[in-house]
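# Summary of the model geometry
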Amino acid sequence: MKAALVIMAAGLGSRYGGDKQVDGIGPNNEILMEYSVHDALRAGFGKVVFIIKPEMEPLMERICGEYLRRRTAKDGSPVEVSYAFQDFSSVPDFYRIPSERTKPFGTVHALLCAEEFIQEPFCVINADDYYGIDAYRAMYEQLTTLSPEGHGAMVGYFLKNTASLHGTVSRGVCAVENGKLLSVREALKIQLYPDGTLRDLAEDISLSPDTVVSMNFWGFTPWIFAPMRAYFENFLRTEAGDDLKKECLLPLMVGSQLEGGGLEISVLHSADRWFGMTYREDRERVAEELKALHAAGAYPPSLKD
């Protein structure tokens, strides 16, 4: 089955202090999204769509595009590569963009910018996260049986494995029952403490370490774009206003669809461990994790071989 991997890589990485999406972190200077592409291709995906800032295209072509065009998918077909640009040209005309705004409108906006390149079931991920080999296998298998309309999937992770000691993180906190996502709320300031306790500082409540959270590892069919566009346009009309940083986020869109009964999400679990770089101080730990995976044989000496 044809399935696409969609990578959201247009974020500015403000807390990290630079474009972490193109920071060579692996033993051979690999960037995190190279691991995502490698894992997705061996799981069965045959198409990669990069959502980037327009000025990033030459760099992304050099880092990933050139060698991907020489690769074949698991079924023997050539790997397809596309670039979607997240910029303000895709924002509906009815909304007046504040003159001082430079930040994109978030992950819903990012995915809508890639709509024209996606005609098949797809998985959408962050560029700056490592999700694990098993996550892509589980998602690809789910996409092969996913109903064309009204259904989706996500890979869930335990909160204790996704927080940082170097500052607060934003996570989609999920309620799950019998393998189905009941609700999701965006917690914007989760703090991990040295003793392992976790707290949502914005709500001033404690969180269980085993709370399931969304790390933006979603699976959908193209059907999702119609309700997604309606949600984004409503966000522009009711929430965006003149706020220079307000974002329209995938977990909140999914939560809204769940509340309205228009979407059912299956929650998948990966046997592998998530890790990522929210802050620059996380870099050393991530580099060590990748080095250990290579040493254990999970990856070849070079991902481009």
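Up top is the structure these notes are about.
What counts as what
- All residue numbers refer to position in the chain's written sequence, counted from 1.
- Predicted model: local features are reported for residues with pLDDT of at least 70 only, side-chain atom pairs are reported and counted for 80 or more only, and whole-chain, interface and lining totals are derived from all residues.
- Hydrogens and water molecules were not included; the side-chain quantities draw on all heavy atoms of the structure.
- Helix numbers and strand numbers start at the N terminus; a helix is a DSSP run of H or I with at least 4 residues, a strand a run of E with at least 2.
- Pairs of N or O atoms within 3.5 Å make up the polar contacts considered here, provided that, within protein, one atom can donate a hydrogen while the other can accept it, and that residues adjacent in sequence are counted only when both atoms are side-chain atoms.
- Any pair of residues with heavy atoms lying within 4.5 Å of one another is described as a contacting pair.
- In plain words, nonpolar cores are sets of buried Ala, Val, Leu, Ile, Met, Phe, Trp, Tyr and Cys residues tied together by side-chain atoms within 4.5 Å.
- Only protein chains enter the calculation, and the probe is 1.4 Å; a residue is then buried if its accessible area is under 20% of its type maximum, exposed if over 50%, and partly exposed in between.
- Counted as salt bridges are all cases of a side-chain nitrogen of Lys or Arg within 4 Å of a carboxyl oxygen of Asp or Glu.
- Expected helix span is given by 1.5 Å per residue-to-residue step, counting one fewer step than there are residues.

## As for the side chain of Asn 126
By the secondary structure assignment, Asn 126 is in strand E4 (residues 122–126). A polar side-chain atom of Asn 126 sits 3.0 Å from a polar atom in the side chain of Asp 129. Setting aside residues up to four positions removed in sequence, Asn 126 forms contacts with Ile 7, Met 8, Tyr 131, Met 215 and Asn 216.

## With respect to the nonpolar core
Formed by 52 residues in total, the largest nonpolar core has its most connected members in Phe 45, Phe 50, Leu 68 and Phe 217. The dominant element in this core, judged by the number of residues it contributes, is helix H4 (residues 133–145), at 6 residues. Once residues within four sequence positions are removed from consideration, Phe 217 is found in contact with Cys 123, Val 124, Ile 125, Tyr 131, Ala 135, Tyr 136, Met 139, Ala 153, Met 154, Val 155 and Tyr 157. Ala 114, Ile 118, Val 184 and Trp 218 belong to the second-largest nonpolar core, a separate cluster that totals 40 residues.

## Here we look at the pattern of salt bridges
Following the criterion strictly, the structure yields 13 salt bridges and no others. Its salt-bridge partner being Arg 42, residue Asp 39 comes within 3.0 Å of it at the nearest N-O pair. Taken together, the residues span about one helical turn, with Asp 39 and Arg 42 both in helix H1 (residues 32–43) at a distance of 3 residues. Its relative accessible area of 1% is what places Asp 39 among the buried residues. The class for Arg 42 is partly exposed, based on a relative accessible area of 31%.

## Focus on H1
Helix length check: H1 (12 residues) gives 17 Å between terminal C-alpha atoms against 16 Å at 1.5 Å per residue, within 8%. Burial analysis of H1 places 11 of its 12 residues in the buried class, the great majority of the element. Residues Leu 32, Met 33, Glu 34, Tyr 35, Ser 36, Val 37, His 38, Asp 39, Ala 40, Leu 41 and Ala 43 constitute the buried set of H1. Directly beyond the C-terminal end of H1, a positive phi value near 130° is found at Gly 44.

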